[in-house]
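Structural overview for review
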Amino acid sequence: MGAAVDIARGETLIGKRVPKMDAPEKASGRTRYIHDINLPGQLHAKILRAGVVHARIVSIDTSAAKALPGVHAVITAADVPWQRPIGVAKDHLPLKTDRVRSPRDEIAAVAADSAEIAEAALRLIKVTYDPLPVVTSAEDALRPGAPLLHGEELTWTAPDGRREVLHAPSPDNVAMTFNYAQGDVARGEAESDTVVEDVFWLHYVTHCCMGVSGVIAEFDADDNLRLYSNTQVPFLHKREFAELLGIDPGRIRVIQPPIGGGFGSKLDIYPFEPIAIFLAKITQRPVKLIFTREEEFLASPTRQPVLLKLRSGCKRDGTLTFRTVDTLHDNGAYTSWGATTPFVMMQTISSLYRVPHCQYRTRAVYTNNPYAGSFRGYGNLQATFAVEAHMDKLAEAVGMDPVTFRLRNAQEPGEITPQGMHFKSCGFKQCLETAALRSDFRRKHNEYRAKWHDSNPLKRGVGMASMLHVGGGAKIYPSDGCGTILKIDDFAHLTLITGASEIGQGSETVLAQLVCEELGLPLSAVTVVNNDTDITPWDVGVHASRTTFVAGNSAIGAARKAKAKILAAAAAKLELPVERLGLRAGCVVETGSGNRFIEIGKLIRSLHFSDKAELVMTTHYYEPPSQHQDREFKGDVSAAYAWATQVAEVEVDTMTGIVRLLRITGAHDVGRVLNRLGIEGQIEGGIVMGQGYATTENLIVENGVVRNPSFRDYKLVTAPEIPAIDISFIETMDGEGPQGAKGVGEAPAICVAAAVANAIYNATGVRLYALPFTPENVYRALKGQAQPPVWRVAS
Amino acid sequence: MSGISNYVAPRSLDEAAELLRAGNVTLLAGGTDLMPQSRNGRTQLRPTLMSIRRVAELRGISEAAGNVRIGALTTISELRDSVLVRERLQALWQACDRFASDQIRNAATIGGNICNASPAGDTLVPLLVLDAQVELASKSNGTLATRAVPIADFLLGPGQTARAATEILSGIVLALPPRHFISSFFKFGTRPALDISLISVGLAARRAGNALHDVRVAFGAVAPRPIRAPAAEAALEGKALDDGVIAVAAAAAEAEIHPISDVRASDWYRREMVRNMFTRVLAHVRDR
Ligand SMILES: Cc1cc2nc3c(=O)[nH]c(=O)nc-3n(C[C@H](O)[C@H](O)[C@H](O)COP(=O)(O)OP(=O)(O)OC[C@H]3O[C@@H](n4cnc5c(N)ncnc54)[C@H](O)[C@@H]3O)c2cc1C
């Protein structure tokens, strides 16, 4: 533990170890998650899912379920003819009409007096299906003559009979494509002394939030909708739900109870949410719908499988020349944010290192598999995995060590990349050097490599990987901003009303810190209000590692306005020039000497209770100075960029294939450390999540069916597996960041798998091209029994 | 909404056996298998649920006349805390040490582990190499009677045992191993905690110098039930452990197992792991 902050002495809060404000509540079990909320008169809902993979729905008989005592409503698509499709491509009806495309598909839903009755009612619903041929992989989906998942247009008929086409047919199963190019790859290849090409396979995983998905929907007597929701984007969803229901967005209020984990899984609307709303509307009662853990595995979004072909080259001196990437994304049965991960992947391909010539192409393809959402890192884990494998291969080919090779190609401050990203602050080279030094990388890399052929079945290895990620928001929507309202009451208690959502990442604490830093108040003087769209100002949502940066700048803006107001009042009262006044330790002080003039509370009281009565209440909206990408995907999308290098040290048991992570040495350009305790937690958590992706987690999907929907067989990392973690912070003091900070929410999870792959190679001389590195997969590869991924994709 | 209409919690073995005789009873011990299985539909609960947890006679570990008796209700934690088990029945202790998590170990009983008859049940492999007998109590003809069955004959297949519907498993009896007796259990899972055995290896023998006598070898999770491996035993019997003997025994073991492929591992990998881990266990014994 670092030294405690003595706010009474007016010390800075920045960079200190500040416990999260919500920690006591969570640690003592007092936090009221959505599960704990029960409204008077509330009904419980359950969803009947298809269970079959791909079929026409022939008939649905709900009569027995409706007759069960305690059941209030049983609905199918026929009961909500006005339902509209949801999702990124509007290709997904909450309740399925004539066809199911995935076993998770929603057929019917029940609202009943208890969850048990609802469950029993589901068992009474009889559905008959006519099976259709199943498309089990993205490659199969592209084969000529493959069954079409969305071959017909999806139309919607308004109550007045007007017909709208909401989703055009996809005649080739391709849901989305991305093409990006810079320079001339043919020229780049011609200039290369070494060229490597490989195919990589990135597997299925899912978020495994400890708090399962859930929602409570309620209409008031005036038909306004109140939604208790775990969403990460309350304001965007308010609008979407309004569209879905055909009502004015102003009539929807979203309240977010404390969220038991997001990691990107709650960026989209999923069928269970509209279904709960339909049931609430039909029954005119509050309806609560909470997933079981099994349902969470079956019906929440995934990080999708990606088949990726990468061709890269460099010159003899180690300078990168070109990169060509072709990927096939298994979109699953419907389109959610997963299809758009190429936005981030191409940034890593084009701009993590300096590469003059690049070509990038993705096709996201419909299959009957679980559909893909967004997940911490947003495609960057996959892109980094491939790019960093090639950095090691190219380095080896030209006889350079991995660190030197990377330093030769690393970005520097001031660079504007061909994709248009402007790296105003950039600590990449310090990250590389620091991680290499603290892990003793060069020495170990040589030593371990020399032991490939000795008799010890336990091999050690080190591997490194680096990453680039947005760290100052991401301009995807018309605005990437956030609003703040700050109210200081007559006891100098501060209510910080922010649009930014807390999903466990510690934003409340950091925002409070930033505001207190401006106003010289202790953290105990702050209440954060951040979970009710009827109260909080607009924010685009918690995603893209943006909250500290964007909401932080917004909070600072509001705090500075409040400070100006307080100081102006103090100057008038004390008859002193405002320049001589500052705020510290709860008082108005003299700037140089620190002499106390008056307590802030007392000053505010005198403002309130006077003939010119005034409240200290300010607002601020911050919009980061970033740009939208143009049609060629070029533009400076973020106001700042985060960098990191991680070195993994592993031990490979060649008799079992078990890869033990011994140590992760991370060096992260975080701009500046605001809450040391918080950022350490964020980075450790991200590393463990990356470790799970690399070594243990695997959503096994066979013929469209999830085979391991439980923690028994979907293996999260357990405590004894967590490696020693050594973190260094590179503080580049970003000019636009709040107190110099950048966003780091996603960064720590991104490098681990890539670094571990390189470490396994350093330990054994065997390179793995497919994740995850489960013992059997590693053992197979060591025995030469693995089938390396191949690119067999129809063009 | 289960099919349970009646819950009973007898206080004596006699009473429990009487209730069982009436039929249509599901027995509940720690519930760590029964509860998940009844919830996911793998087990149908019968109308009467009988908790045996109040039956004091089913508890405790005792030693008398060269025999150890372990009550069926003894929890995995109790076995792990027992000095007798740790010092004299090492293989069983090792199985309990690598078993699940604290929470599960505190609830799970050895009787439940045996009656659940999972091919991967962790106490079964040590009990096989320790030549344990299970004791079954019933009142099928009015008076309480017990019979003893060797564990190898008791386990029939996944979830199947030689227990009659009217019988309670009351305890486990085994001869206290002689001096210079070694036993060892190795659980191979893909992670160090909270894992189901992918395969497991049990070994017990009397050690004389470098040679092993009265060798017993068993494997878990490689056949419909945990199995003894007589050919591997024969390959080791009376021999000094050296690389050659170990290789022959490992090859013999491979011919005795019938692993399957499932979501946890392929049959190929299970075979490889039996060979490699059996080799490792034997090398460890040799070098000790
Ligand atoms: C998270 C988790 C982790 C686990 N990890 C492991 C592990 O590492 N290794 C392992 O081997 N197992 C493991 N298990 C399985 C389980 O804990 C064990 O099999 C345990 O020993 C079962 O004992 P119990 O007392 O809970 O049995 P119960 O669930 O009460 O009963 C199991 C079965 O045996 C019957 N039964 C119980 N006692 C008797 C008796 N005296 N006479 C007749 N019939 C009886 C019951 O009717 C039921 O059919 C795990 C389970 C969970 C939930």
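Every chain is numbered on its own, with residues counted from 1 as its sequence reads. Written order decides the labels, with chains lettered from A and ligands numbered from 1. Where local features are concerned, this predicted model is filtered to residues with pLDDT of at least 70; where side-chain atom pairs are given and counted, the filter is 80 or more; whole-chain, interface and lining totals use all residues. Excluding hydrogens and water, the side-chain values take into account all heavy atoms of the structure.

Concerning the overall build of chain B
Across its full length, chain B carries 12 helices and 14 strands. Radius of gyration: C-alpha atoms only; globule rule: 2.2 Å multiplied by the number of residues to the exponent 0.38. For 288 residues, the compact-globule estimate of 2.2 N^0.38 gives 19 Å, and the C-alpha radius of gyration of chain B, at 19 Å, lies within 12% of that figure. If one aligns the C-alpha atoms of chain B with their principal axes, the spans along those axes are about 60 × 45 × 35 Å. Across the 288 residues in chain B, those meeting the buried criterion constitute 51%. Restricting to contacts in chain B with at least 6 residues of sequence separation, those with at least 24 account for 60%. For the area figures, the Shrake-Rupley method with a 1.4 Å probe applies, and any residue is considered shielded solely by the protein chains shown. If you sum the accessible surface of chain B, you get close to 12,100 Å²; carbon and sulfur atoms cover 51% of it. When charges are tallied, Lys and Arg are placed among the positive residues and Asp and Glu among the negative ones, while His and the ends of the chain are skipped. Taken as the charge centre is NZ of Lys, CZ of Arg, CG of Asp or CD of Glu, depending on the residue. In chain B, 33 positive and 28 negative side-chain charges are present, and the distance between their average locations comes to 3 Å. Under the scheme used here, helices are H or I runs from DSSP no shorter than 4 residues and strands are E runs no shorter than 2 residues, and both carry numbers assigned from the N terminus. Note on classification: 1.4 Å probe, protein chains only; a residue is buried when its accessible area is under 20% of the maximum for its type, exposed when over 50%, partly exposed between these limits. The criterion used for residue contact is that any of the two residues' heavy atoms lie within 4.5 Å.

Focus on the pattern of salt bridges
Salt bridge, as used here: a side-chain nitrogen of Lys or Arg that lies within 4 Å of a carboxyl oxygen of Asp or Glu. According to the stated counting rule, one finds 71 salt bridges over all chains in the structure shown. One salt bridge connects D122 of chain B with K187 of chain B, and the closest N-O pair in it is separated by 2.8 Å. Here K187 of chain B lies in strand β11 (residues 181-188) and D122 of chain B lies in the loop between α7 (110-116) and α8 (124-129), a separation of 65 residues in the sequence. On the basis of relative accessibility, which here comes to 5%, the residue D122 of chain B falls in the buried class. The salt bridge partner of D131 of chain B is R216 of chain B, with a shortest N-O separation of 3.8 Å. Taken together, the positions of D131 of chain B in the loop between α8 and β6 (133-138) and R216 of chain B in strand β13 (residues 211-220) put the pair 85 residues apart, joining distant regions of the chain. Overall, D131 of chain B belongs to the partly exposed group, its relative accessible area being 41%. A single salt-bridge network, built from bridges that share partners, covers R49, K96, R104, E106 and E295 of chain A.

Re the domain arrangement of chain B
Residues and elements named next belong to chain B. In this document the domain limits rely on a domain assignment from an automatic tool or a database. What the domain assignment reports for chain B is domain 1 (6-51), domain 2 (58-175) and domain 3 (182-287). Taking the mean C-alpha position of each, domain 2 and domain 3 sit 21 Å from one another. Between domain 2 and domain 3, the contact holds 25 residues from the first and 26 residues from the second. The term buried area denotes the loss of accessible surface (1.4 Å probe radius) that occurs when two parts are joined, taken as the sum for both partners. A combined buried area of about 2,000 Å² lies between domain 2 and domain 3, and 57% of that area is made up of carbon and sulfur atoms. The interface formed by domain 2 and domain 3 includes three salt bridges. Those elements that provide at least two residues to the side of domain 2 that touches domain 3 are α5 (90-97), α8 and β8 (155-157).

Thoughts on the domain arrangement of chain A
Residues and elements named next belong to chain A. Along its sequence, chain A is organised into domain 1 (7-31 + 481-622), domain 2 (34-134 + 212-259 + 266-299) and domain 3 (306-474 + 630-782). Computed from C-alpha coordinates alone, the two centres of domain 2 and domain 3 are separated by 37 Å. Counting from both sides, the interface comprises 23 residues of domain 2 and, opposite them, 22 residues of domain 3. For the pair domain 2 and domain 3, the summed buried surface comes to about 1,900 Å²; carbon and sulfur atoms form 62% of the total. Sorting the residues of domain 2 by area buried against domain 3 places V88, D91 and F297 first, and these three jointly supply 33% of that buried surface. Seen at the junction of domain 2 and domain 3, the total is zero salt bridges. N or O atoms within 3.5 Å of each other form a polar contact, as long as, within protein, one can give a hydrogen and the other can take it, and as long as residues adjacent in sequence are counted only when both atoms are side-chain atoms. Where domain 2 packs against domain 3, one counts eight residue pairs in polar contact (both at pLDDT 80 or more). Lys, Arg, Asp and Glu make up the charged group, whereas Ala, Val, Leu, Ile, Met, Phe, Trp, Tyr, Cys and Pro make up the nonpolar group; the residues left over, Gly among them, are polar. Along the lines of polarity and charge, the residues of the side of domain 2 that touches domain 3 split into 11 nonpolar, four polar and eight charged.

What to know about the site of the ligand
Residue and element names in this part refer to chain B. Only a single heavy atom is needed: when it lies within 4 Å of a molecule or strand, its residue is near that molecule or strand. Around the ligand, 28 residues are found, and the nearest of them are L27, G31, T32, D33 and T109. Taking G31, its main chain carries an N or O atom lying 2.7 Å from an oxygen atom of the ligand. Here T32 contributes a side-chain N or O atom positioned 2.6 Å from an oxygen atom of the ligand. The protein chains hide 86% of the 980 Å² of surface that the ligand would expose on its own. If you list the elements that add at least two residues to the shell around the ligand, you get β2 (25-28), α7 and β10 (168-175). The element contributing the most residues to the shell around the ligand is α7, with five residues. A per-class count over the shell around the ligand returns 14 nonpolar, nine polar and five charged. Of the residues that make up the shell around the ligand, three or more belong to each of domain 1 (6-51) and domain 2 (58-175).

Looking at the interface of chain A and chain B
The partner chain B presents 20 residues to the 24 residues of chain A that form the contact. The contact between chain A and chain B buries some 2,000 Å² in all, and 59% of this surface belongs to carbon and sulfur atoms. Between the two partners, chain A and chain B, sit three salt bridges. The salt bridge partner of K715 of chain A is D195 of chain B, with a shortest N-O separation of 2.4 Å. Mapped by element, the contributors of at least two residues to the side of chain A that touches chain B are α3 (115-123) and α20 (775-782) of chain A. No other element matches α20 of chain A, which puts four residues into the side of chain A that touches chain B.

Focus on the nonpolar core
Residues and elements named next belong to chain A. Counting residues in hydrophobic clusters, the biggest one holds 107 residues, and the most contacted among them are F200, L308, F385, F405, W643, V756 and F773. The residues touching F385, leaving out its near neighbours within four places in the chain, are F200, L202, A753, A754, A757, L768, Y769, L771 and F773. Membership of the second largest hydrophobic core comes to 46 residues, among which are A77, I86, A242 and V287. Take the buried residues of types Ala, Val, Leu, Ile, Met, Phe, Trp, Tyr and Cys, join any two whose side-chain atoms come within 4.5 Å, and each joined set is a nonpolar core.

Some remarks on the environment of S62 of chain B
Residues and elements named next belong to chain B. With respect to the secondary-structure elements, S62 resides in strand β4 (residues 61-64). With relative accessibility at 39%, the residue S62 sits in the partly exposed group. Between the C-alpha atoms of S62 and V173, which are 111 residues apart in sequence, the distance is 9.7 Å.

Looking at helix α19 (residues 752-764) of chain A
All names here are of chain A. With 13 residues, α19 should cover 18 Å at 1.5 Å per step; its first-to-last C-alpha distance of 18 Å lies within 8% of that length. The buried fraction of α19 is high, at 13 of 13 residues. Phi turns positive, to about 80°, at G765, one or two residues after α19. Expected helix span is computed as 1.5 Å times (number of residues minus one).

With respect to empty space enclosed by the protein
Residues and elements named next belong to chain A. Lining residues are defined by having an atom within 4 Å of a point belonging to a cavity or pocket. Those points lie on a 1 Å grid over the protein atoms alone, cavities being sets where a 1.4 Å probe fits but cannot get out and pockets being open sets with protein on both sides within 12 Å along at least five of seven lines. Grid points are joined across faces, edges and corners, and a volume is the space filled by probe spheres set on the points. With the rule as written, the count across this model stands at two cavities of 30 Å³ or more. Estimated volume of the largest cavity: approximately 110 Å³. For the largest cavity, the lining is made up of 14 residues, of which S213, K266, Y270, F272 and E273 are closest to its centre. For the lining of the largest cavity, a count of residues per class yields three nonpolar, seven polar and four charged. Looking at the second largest cavity, its volume works out to about 30 Å³. Taken together, I86, G87, D91, H92, D268, I269, Y334, T335, S336 and Y371 make up the full set of residues lining the second largest cavity.

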